[in-house]
Structures are given as structure tokens and as C-alpha cells.
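Now for the letters of each chain:
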Amino acid sequence: MKRLFILLLAIGLCGSTLAYDFKVPVKGYTLYFNIIDEDDNAVEITAPMSDGNYRWMGYIVPGGVLDIPAEVEYEGVRYTVVSVGERAFSGIAEITGLIIPKTVTEIGPYAFSYCTALNGTVTIGEEVVSVGRSAFYGCGSVNTVNFNAVNCESMGGTRSGTVFGNCRALTKVVFGPHVKRIPDYAFAGMDGLRCEWNMPRDLEYVGEYAFAYCNSIYGTLRLPEGVKRVGAYAFAQCHSMRQLEIPARIQKIDQRAFYQCVNISQIKVFAMMPPDIGADAFVGIGGAVMYVPCISVDRYRQAAEWNRIYNIKAMEPCTLDVYATISNPAAGSIIGAGNYRVGDTATLVAVCHAGYGFKGWSDGNTDNPRRVRVTDTTSYVAVMQEAEVIHEVEYVHDTTYMDGIEVVYEYYEINDVAEPITSQDEIVYNGSKRRVEIPIEKPDILNVALYNDAGVCVYTGKPRRSHINMRRFPTGFYVIRVSTVDDELIYRFFHKKNK
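This write-up is about the structure you can find in this document. In this text, all values refer to a predicted model and were calculated from it rather than measured experimentally. (Residues numbered from 1 in each chain as written. Predicted model: local features only at pLDDT ≥ 70, side-chain atom pairs only at ≥ 80, totals over all residues. Heavy atoms only, no water.)

1. Focus on the overall build of the chain
- When helices and strands are tallied, the chain shows two helices and 39 strands.
- Long-range pairs, those at least 24 residues apart, make up 53% of the contacts in the chain with a sequence separation of at least 6.
- Accessible area for the chain stands at about 24,600 Å²; split by element, carbon and sulfur atoms hold 47% of it. (Helix = DSSP H or I, 4+ residues; strand = E, 2+ residues; numbered from the N terminus. Contact = heavy atoms within 4.5 Å. Areas by Shrake-Rupley, 256 points an atom, 1.4 Å probe, with all protein chains shown as cover.)

2. A word on the nonpolar core
- Counting residues in each nonpolar core, the largest one holds 96 residues, and the members touching the most others are Phe89, Phe112, Phe211, Phe235 and Phe282.
- Broken down by element, the residue count for this core peaks at four residues, all from strand E2 (residues 29-37).
- The contacts of Phe235, once residues within four sequence positions are left out, are Trp197, Val206, Phe211, Leu221, Leu223, Val230, Met241, Ala257, Phe258, Tyr259 and Cys261.
- In this structure, Tyr340, Leu348, Val374 and Tyr380 belong to the second largest nonpolar core, which totals 19 residues. (Core = buried A, V, L, I, M, F, W, Y, C linked by side-chain atoms within 4.5 Å. Buried < 20%, exposed > 50% of the residue type's maximum accessible area, 1.4 Å probe, protein only.)

3. Focus on a negative patch on the surface
- A contiguous patch of negative charge on the surface is contributed by Asp21, Glu38, Asp39 and Asp40.
- Tracing the chain through its elements places Asp39 in the loop between E2 and strand E3 (42-46). (Patch = residues over 30% accessible without salt bridge, like charges linked within 9 Å, V, L, I, M, F, W, Y side chains within 5 Å. Salt bridge = Lys/Arg side-chain N within 4 Å of Asp/Glu carboxyl O. Lys, Arg positive; Asp, Glu negative; His and termini not counted. Charge placed at Lys NZ, Arg CZ, Asp CG, Glu CD.)

4. What about the sheet that holds strand E20 (residues 266-269)?
- Within the open sheet, the five strands sit side by side as E16-E18-E20-E22-E23. Their pairing is parallel. The outermost strands of the open sheet, each flanked by one partner alone, are strand E16 (219-222) and strand E23 (312-314). Each strand axis lies, on average, 20° off the axis of its neighbour in the sheet, ignoring direction.
- Bridging between E20 and strand E22 (residues 289-292) involves three bridges; their strand directions are parallel. When the bridges of E22 are listed, Ile267 appears paired with Met290. (Pairing = 2+ DSSP bridges. Axes fitted to C-alpha atoms, helices over the stretch in contact; angles between N-to-C directions.)

5. Structural notes on unusual backbone geometry
- Of the consecutive residues Glu316 and Pro317, the connecting peptide bond is found in the cis state with omega at -5°.
- Within the element layout of this structure, Pro317 appears in the loop between E23 and strand E24 (319-326).
- Positive phi is not limited to glycine here, since Asn41 has a value of about 55°.
- Overall, the relative accessible area of 27% leaves Asn41 in the partly exposed class.
- Residue Glu305 is not a glycine yet carries a positive backbone phi of 70°.

6. With respect to the sheet that holds strand E9 (residues 119-124)
- Read from one edge to the other, the open sheet built from three strands follows the order E9-E11-E13, with strand pairing classed as parallel. Because the sheet does not close on itself, it has two edges, and the strands there are E9 and strand E13 (172-175). Going from strand to strand, the sheet's axes swing by 20° on average, the running direction of each strand aside.
- Sheet analysis places E9 next to strand E11 (residues 141-147), joined by six bridges and oriented parallel. Residue pairing in the sheet places Thr121 in a bridge with Thr144 of E11.

7. Focus on the state of the cysteines
- On inspection of all chains with the given rule, the structure shows one disulfide.
- Disulfide pairing places Cys294 opposite Cys318 at an S-S distance of 1.4 Å. Here the S-S torsion is close to 60°, and the disulfide linking Cys294 with Cys318 is therefore right-handed. Linking Cys294 in the loop between E22 and helix H2 (297-302) with Cys318 in the loop between E23 and E24, this pair joins segments that are 24 residues apart in sequence.
- With no disulfide of its own, Cys115 has Cys139 as its nearest cysteine by sulfur position, at a separation of 5.2 Å.
- Between Cys195, a cysteine without a disulfide, and Cys214, which holds the nearest cysteine sulfur, the sulfur-to-sulfur distance is 8.8 Å.
- For Cys195, a relative accessible area of 14% corresponds to the buried category. (Disulfide = S-S within 2.5 Å.)

See below:
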């Protein structure tokens with residue numbers, strides 16, 4: 001019997017060809033490499049033989065935690081490991097753990113298939129762009145996948161060749177926050193997944209069949225705000241899904257994306273206009289109530305395919321989003337963006353940082369503050385420009401009352417943008433008495449107000465006073481506004497509190 005085994009082994013080896021360009025000893029065993037790019041010195045890790053299902057027959061296999069190196073050296077040349085080749089470690093039962101370096105961008109078909117002792121967590125790194133079919137097929141002890149690939153283009157490619165097929169212990173997938181794409185067929189048929197829906201915040205695309213037939217993932221699926229497209233059959237027959245929220249920026253939902261998700265009772269779609277939708281996208285969800293923005297109910301009821309959903313209602317309360325951003329985040333900030341009831345007035349204020357001035361809004365409007373009546377979801381961009389300082393004194397353009405707090409926004413004077421004010425003497429700071437002397441004593445002074453650096457009014461003086469006692473105020477920058485009959489005089493200074 002022993003002679004027969006040796007004979008069969010010899011026949012097997014003779015019928016196989018070597019699969020590598022060079023080999024390197026690593027941590028008690030040998031790893032094998034192919035050069036795939038001589039210019040960049042890039043290599044893939046491979047098995048020692050090139051044919052047959054089990055390509056390590058007759059060779060010492062790696063065991064324990066397989067720590068794939070990011071670089072290897074051979075004959076004085078350093079090579080970067082960028083790929084794990086097809087069936088590179090297929091069938092090696094001695095591998096119990098796996099560390100894949102950040103340099104790896106591709107994992108080939110069946111690369112770790114039937115590594116039956118591989119247990120715990122498998123991590124797909126941020127730079128990975130391709131994972132071949134059945135790459136981890138039959139790894140029955142893997143229970144968690146950390147999927148961090150930011151922009152993975154390909155993963156498996158067919159339902160029968162899913163990357164984690166027959167991984168019976170796999171119950172959880174954790175996505176990195178910067179993942180933008182979940183590739184086609186990525187986790188199709190993973191009926192053992194029993195975690196709640198947990199989508200990455202930067203997600204833009206959910207691929208075809210990405211979670212199809214994942215019957216045990218439960219709870220509410222909230223697609224992140226950046227999702228633009230949901231592929232065909234992406235969530236088909238996810239029977240444990242209970243509620244669904246689709247963001248305002250969605251552009252397309254392909255055919256049968258939510259086919260036969262029979263236990264969904266509530267759907268919220270935040271898009272103001274009905275997005276493109278494929279045939280039967282929600283077929284089999286007959287009892288669900290779909291809520292849409294209150295001003296969009298008729299649009300959905302009349303739109304093709306959407307009109308097949310009979311129970312469409314308005315979201316309550318009836319609110320809309322007003323978005324506001326700034327052209328250069330270093331130049332300032334925006335006050336007033338948010339969620340408003342339909343018909344309310346939103347007040348947007350562009351607050352400039354020192355050295356910048358407000359030029360106008362991207363649609364040509366130059367009001368600041370800008371008041372808009374909320375009738376639809378809208379977006380505004382405040383355009384800033386660098387300021388040419390005419391006076392060292394900053395001045396207040398206006399005051400806005402937000403939630404009962406008086407907010408002062410200020411900016412440097414700019415040629416041809418802001419009207420100049422009369423230059424005044426600087427603030428007189430009386431150090432011994434710890435008070436600020438107001439250098440103006442006129443009978444026409446109406447008010448004296450002091451603001452902290454958060455723009456909150458912390459002191460209001462009577463017209464007859466010509467000083468502000470600073471003893472009770474903390475160290476920091478302050479703005480004094482002196483209102484007169486003819487003008488407003490604004491001063492900015494730094495107060496250092498006595499110890």
C-alpha cells in the first residue's frame with residue numbers, strides 16, 4: 001500500500017509544472033512568487049505547482065497564522081507583493097489565521113478556498129480592487145468579515161461563485177466607513193449572516209445581487225445619504241428586513257432590487273423627485289406603507305413603476321432640507337442650514353473668518369443674511385474671497401437672531417464690496433481698573449454692546465456709560481459695538497483676565 005501511495009505521488013508530481021519564478025523562506029516555511037511587473041518590481045504570491053486542485057502536494061505547507069509579507073527580496077532586488085494568485089493557498093488545512101498586507105490589491109479565484117481551519121476574522125484591505133470567485137469558499141470556521149475595500153470593482157461575479165460561499169460560521173460583516181462600492185454578488189446567499197444592517201457612511205453604490213437571499217439580516221436598512229444607485233436584485237428575498245430608508249440623493253433603483261422582501265412594513269424615500277426605477281423593484285412588498293416628502297406625494301403616485309405601490313403617504317411633519325456650504329471652508333462658516341417645515345423662512349448667514357470677505361452666493365444673490373422661503377429641498381454655496389484690509393478695525397454688517405441668541409457676524413472691509421466706515425481711535429484699555437474706556441462721549445449714543453468671540457451678547461450698556469467693567473469676563477477676544485444716531489462703531493480687542 002505504501003509503494004502504491006509513493007507511485008501515485010510521483011505520477012502527480014510528474015504531471016504538474018512549477019508555478020513560480022522564485023521562492024523565499026519566511027518564518028519556518030517557504031513562499032513562492034511570480035513576477036507580474038518587472039518595471040515596478042511587483043509580484044504575486046502563488047502555489048509551488050501550477051495545475052491540479054491541490055497545488056502544494058509534496059511541499060511543506062504554511063501553518064498557523066499566515067502573515068503575507070508586503071515586500072520580499074530576491075537576488076538583491078526588493079519586490080512588492082500586490083496579488084494573491086489563483087488557488088495560492090487552496091486546501092491548506094494548517095492555516096488558522098490570515099494577515100494580508102496593505103500592498104495587496106487583488107485576491108485571485110479560490111485563493112484561500114477550503115482552508116477549513118481558518119477561523120475568526122478575515123479582513124479585506126482598503127486598497128483591494130478585485131476578489132476572485134470562491135476566494136474563501138468552504139472556509140467553514142470564519143465568523144466575521146471586515147470589508148474595508150474603498151472601491152472594489154469585482155467580487156465573485158456569479159451567485160454560484162460567491163467569495164464566501166459555504167462559510168457556514170460566517171454571521172457578521174463589518175464595513176469600513178470609507179467603502180464606496182459593494183460589488184456585484186459580494187455577499188449573495190450568505191443566509192448565515194445574522195447581524196443588523198450596517199452600511200458604510202461613504203457608500204455610493206450597492207451592486208447587483210450584493211445581498212440577495214441574505215434571509216437572516218434583520219432590522220431597518222438605512223441607505224447612507226451618498227447612495228446613488230441600488231443594483232438589480234441587490235436585496236432580493238431579504239426576508240428579515242423590516243423597514244427601509246432610501247436617501248434623497250438616490251438616482252436609480254434597478255429591477256427587483258427589493259424583490260420579495262415580504263416582511264418590510266414601512267419604506268421612507270427622501271428624494272423629492274421620483275428616481276428612475278426598474279421593473280418590479282418592490283414586487284412582493286404589497287402591505288408596506290411608503291412615505292415620501294409631503295410635496296411629492298402626487299409625483300410618486302403618477303410616476304411609472306412607483307404608481308404600482310398603492311399605499312403612498314406624506315411624511316409628517318412636513319419638513320424639507322436646506323443645505324448650505326462655503327466655497328472655501330477655511331474662509332468661514334454658514335449659519336442657518338437645516339431641516340425646516342414647508343413654508344417656513346430659513347435665514348442663512350455667511351460668517352467670514354479674519355482675512356476673508358463675503359462675495360455673494362453662487363446663484364448671484366448677494367444678500368447676507370439671506371432669507372429664503374422653504375418650498376423644496378435646496379442647496380446654497382457662499383462664495384468667499386480674500387480681503388484687502390483698509391482699516392485695522394473690523395465692523396459688523398448685520399445682526400441675526402437665531403433661537404433667541406443674538407449672533408454677530410463680522411468681516412474685514414473689502415474694496416468695492418463693503419462700504420467704508422469712518423476710522424476711529426483705538427479702544428483704551430485701563431489695565432489698573434480692569435475696564436475698557438469707550439473713546440466716544442456723544443449725546444447721540446444709543447447703545448453700547450459687548451460680544452464674546454462666539455458672537456453672543458454678554459453686556460449691554462446704558463447710553464450714559466463710557467466704560468465696560470471687564471473683571472467678571474474671562475480671557476478672550478471681544479467685540480464692542482457702539483450704536484449712535486449716525487453710525488455704528490465696532491472695535492475688537494483681547495482681554496486678559498487678572499489672576
